[in-house]
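Residue-level structure breakdown
Spelled out from the first residue to the last, the chains are:
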Amino acid sequence: MFFLVWGFLVWLGATAVFRFFGQFFFSLEQPLLLVAAYVVVIPLILSLTYPVYRYKKLERRERQKAAVFIALPGMAFDVVVLLFFANIFVNLDPEMDRMFASWLLWAYSAILLTGLVPRKRNVTKGY
């Protein structure tokens, strides 16, 4: 349940950011910012998942399930969001719906991959 709630909160936060500031990221007139939105999401996802996995002391198989539960709420809600894209994201050009959907797939893929790829640990040897 914790991870479903965390996933919902992440989705809500991201949706709010794009609802109010999306025009700065999703504009064909500013391709550098558009590319930046795709690049920046990777460290953002890492910072929203790995610390939570560590906090909950999850084993590898548990991380896989947690990643799915983090991604599920957003994926489900974004089905509706994308259907009503022009009504929800009034600050974005309706033509950007495909670009936004592409970004969502990229972000959800990153979340799911955090459950599969172990985070490297710093190992120090004592002599």
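Description of the structure in this document. (Residues numbered from 1 in each chain as written. Predicted model: local features only at pLDDT ≥ 70, side-chain atom pairs only at ≥ 80, totals over all residues. Heavy atoms only, no water.)

1. Some details on the side chain of Ser 27
- Within the secondary structure, Ser 27 sits in the loop between helix H1 (2-21) and helix H2 (31-55).
- A polar contact is formed between the side chain of Ser 27 and the backbone nitrogen of Glu 29, at a distance of 3.2 Å.
- Each residue touching Ser 27, except ones within four places of it in the same chain, is listed here: Leu 34 and Met 96. (Helix = DSSP H or I, 4+ residues; strand = E, 2+ residues; numbered from the N terminus. Polar contact = N/O pair within 3.5 Å; in protein donor to acceptor, adjacent residues only side chain to side chain. Contact = heavy atoms within 4.5 Å.)

2. A short note on the packing of helix H3 (residues 60-83) against helix H5 (residues 97-114)
- Close contact between H3 and H5 brings their axes to 8 Å; oriented N to C, the two are set at 165°. It follows from the interaxial angle that H3 and H5 lie roughly antiparallel. As for the relative orientation of H3 and H5, their crossing is left-handed in sense. The segment H3 lies against H5, with Arg 63, Ala 67, Val 68, Ile 70, Ala 71, Gly 74, Met 75, Asp 78 and Leu 82 engaging Asp 97, Phe 100, Ala 101, Leu 104, Tyr 108, Ile 111, Leu 112 and Thr 114.
- Broken down by class, the residue content of the contact of H3 with H5 amounts to twelve nonpolar, two polar and three charged. (Axes fitted to C-alpha atoms, helices over the stretch in contact; angles between N-to-C directions. Parallel < 35°, antiparallel > 145°, perpendicular 65-115°, else oblique. Left-handed = near helix turned anticlockwise from the far one by under 90°. Nonpolar A, V, L, I, M, F, W, Y, C, P; charged D, E, K, R; others polar.)

3. Notes on the layout of surface pockets
- Its boundaries defined by the atoms lining it, the largest pocket holds a volume of some 450 Å³.
- Ala 14, Phe 18, Val 41, Leu 44 and Trp 103 are, among the 28 residues lining the largest pocket, the residues nearest its centre.
- Elements that contribute at least two residues to the lining of the largest pocket include exactly H1, H2, H3 and H5.
- By residue class, the composition of the lining of the largest pocket is 23 nonpolar, four polar and one charged. (1 Å grid on protein atoms, 1.4 Å probe; cavity = no way out; pocket = protein on both sides within 12 Å on 5 of 7 lines; lining within 4 Å. Points joined across faces, edges and corners; volume = space filled by probe spheres on them.)

4. A few points about H1
- For H1, spanning 20 residues, the distance from its first C-alpha to its last is 28 Å, which sits close to the expected 28 Å at 1.5 Å a residue.
- Those residues of H1 lying buried are Phe 3, Gly 7, Val 10, Trp 11, Thr 15 and Phe 18. Looking straight down H1, one finds that the buried residues subtend no more than 130° of arc, so they occupy a single side.
- Buried-residue contacts for H1 involve H2, H3 and H5. (Expected span 1.5 Å × (residues − 1). Buried < 20%, exposed > 50% of the residue type's maximum accessible area, 1.4 Å probe, protein only. Arc of directions from axis to C-beta.)

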